[in-house]
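# Observations on the three-dimensional arrangement
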Amino acid sequence: MKNMKKLWALLLALAMVLALAACGGKDETPADTTEPADVEEPAAEEPAADSDLAYIQGNGKMIIGYTVYEPMNYTDENGEFTGFDTELAMAVCEKLGVEPEFQEIIWETKEVELAGKSIDCIWNGLTLDAEREANMNCTVPYVKNAQVVVIKSGTEYTDTSSLIGKTVVAEVGSAGEVQIIGGEDAEPDANLAQATYIGKSVQTDCLMEVKAGTADAAVLDMTLANAMTGEGTDYADLEIVDELAVENYGVAFRKGSDVRDAVNEIFAEMVADGSLQALADKYGLELAD
């Protein structure tokens with residue numbers, strides 16, 4: 001009987017051990033039944049977070065800084081905002097998948113507005129020079145230009161020496177101003193440096209000064225002067241008498257901007273298909289080499 005009790009005790013203890021072992025294994029999942037962890041699909045390649053192109057496309061628009069400058073950006077007799085640069089910018093924006101938004105700016109502060117992102121580019125007959133190309137991302141040249149002297153018809157003029165001691169106007173921050181007072185990397189015309197200089201906010205104001213007789217001459221972009229002076233214009237009594245410097249126009253984007261390269265590619269496409277030449281012919285302009 002005593003042995004029998006020992007046997008029962010032993011069997012009971014064994015049963016308890018087996019039961020505990022079974023309970024301990026309930027939460028363990030066999031290796032071959034483990035569910036695979038969720039694996040994220042690789043994201044599609046997108047422009048880097050600091051991409052200026054991504055910034056503009058994310059906004060759905062390109063804010064284009066301009067001043068009134070015929071034939072580049074101006075309002076025609078029908079009240080339509082148009083011009084070579086206006087049409088070109090619209091065509092480029094369409095290819096980039098964004099809407100163009102034209103914003104009139106003060107030319108003197110154009111670089112500040114660009115860096116501060118109140119505009120996305122300066123697209124308004126911008127003369128390319130070493131200083132601008134060092135501080136902004138500028139496109140390849142697309143239109144030729146020159147700085148010219150404009151005076152009232154009948155005024156005696158031989159060369160810029162005729163303007164020594166006279167009043168000469170130009171747009172502040174323009175290539176014309178550089179011809180009169182010089183720039184960071186450019187010397188002024190020796191004769192114009194001896195004139196009395198008055199800076200104006202836009203080039204059209206310079207024409208008004210000469211027409212009114214409050215200035216003796218203006219130094220302006222040839223493209224604007226050709227379009228706005230002579231027979232059939234509001235400044236029929238003004239004429240171009242001298243050409244000072246041949247130059248090229250380009251579009252400026254923020255320093256380091258990748259939009260510049262995208263626009264250069266579109267320019268190349270438009271040269272190849274003839275559409276850029278057709279636009280230049282429409283406005284009487286000559287494309288850069």
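Note that the coordinates shown come from a computational prediction; the quantities given were computed from them, not determined experimentally.

Under the criterion given, the structure shown has 10 salt bridges. As a salt-bridge pair, lysine 282 and glutamate 87 come within 2.6 Å of each other at their nearest N and O atoms. You can see lysine 282 sitting in helix H10 (residues 275-282) and its partner glutamate 87 sitting in helix H3 (residues 84-96), a full 195 residues away along the chain. On the basis of relative accessible area, glutamate 87 is assigned to the partly exposed category, the value being 26%. Between glutamate 286 and lysine 144 there is a salt bridge, with the nearest N and O atoms lying 3.3 Å from each other. Taken together, the positions of glutamate 286 in the segment after H10 and lysine 144 in strand S7 (residues 143-152) put the pair 142 residues apart, joining distant regions of the chain. The class for glutamate 286 is partly exposed, based on a relative accessible area of 48%. Overall, the relative accessible area of 23% leaves lysine 144 in the partly exposed class. Among the ionic contacts, a cluster of salt bridges with common partners joins Asp52, Asp120 and Arg254.

Attention now moves to a negative patch on the surface. A cluster of acidic side chains, namely Asp129, Glu131, Glu133, Glu184 and Asp185, defines a negative patch on the protein surface. Along the polypeptide, aspartate 129 turns up in the loop between strand S5 (121-127) and helix H5 (130-135). By relative accessible area, which is 30% here, aspartate 129 ends up partly exposed.

Attention shifts here to the packing of H3 against H10. Between H3 and H10, whose axes approach to 10 Å, the crossing angle comes to 155°. In this view, H3 runs roughly antiparallel relative to H10, as classed from their interaxial angle. H3 and H10 meet at a crossing whose hand is right-handed. Of the residues in H10, those touching H3 at Phe84, Glu87 and Leu88 are Leu276, Leu279, Ala280 and Lys282. Here the contact of H3 with H10 is composed, by residue class, of five nonpolar, no polar and two charged.

What follows deals with the pairing of strand S10 (residues 217-221). Here S10 lies mainly inside the structure; five of its five residues are buried. Pairing analysis gives four bridges linking S7 to S10, with the strands arranged antiparallel. Looking at the pairing, valine 149 lines up with valine 219 of S10.

About the cut-offs
- Residues numbered from 1 in each chain as written.
- Predicted model: local features only at pLDDT ≥ 70, side-chain atom pairs only at ≥ 80, totals over all residues.
- Heavy atoms only, no water.
- Salt bridge = Lys/Arg side-chain N within 4 Å of Asp/Glu carboxyl O.
- Helix = DSSP H or I, 4+ residues; strand = E, 2+ residues; numbered from the N terminus.
- Buried < 20%, exposed > 50% of the residue type's maximum accessible area, 1.4 Å probe, protein only.
- Patch = residues over 30% accessible without salt bridge, like charges linked within 9 Å, V, L, I, M, F, W, Y side chains within 5 Å.
- Areas by Shrake-Rupley, 256 points an atom, 1.4 Å probe, with all protein chains shown as cover.
- Lys, Arg positive; Asp, Glu negative; His and termini not counted.
- Charge placed at Lys NZ, Arg CZ, Asp CG, Glu CD.
- Axes fitted to C-alpha atoms, helices over the stretch in contact; angles between N-to-C directions.
- Parallel < 35°, antiparallel > 145°, perpendicular 65-115°, else oblique.
- Left-handed = near helix turned anticlockwise from the far one by under 90°.
- Contact = heavy atoms within 4.5 Å.
- Nonpolar A, V, L, I, M, F, W, Y, C, P; charged D, E, K, R; others polar.
- Pairing = 2+ DSSP bridges.

In short, shape yes, function no, at least from these values alone.
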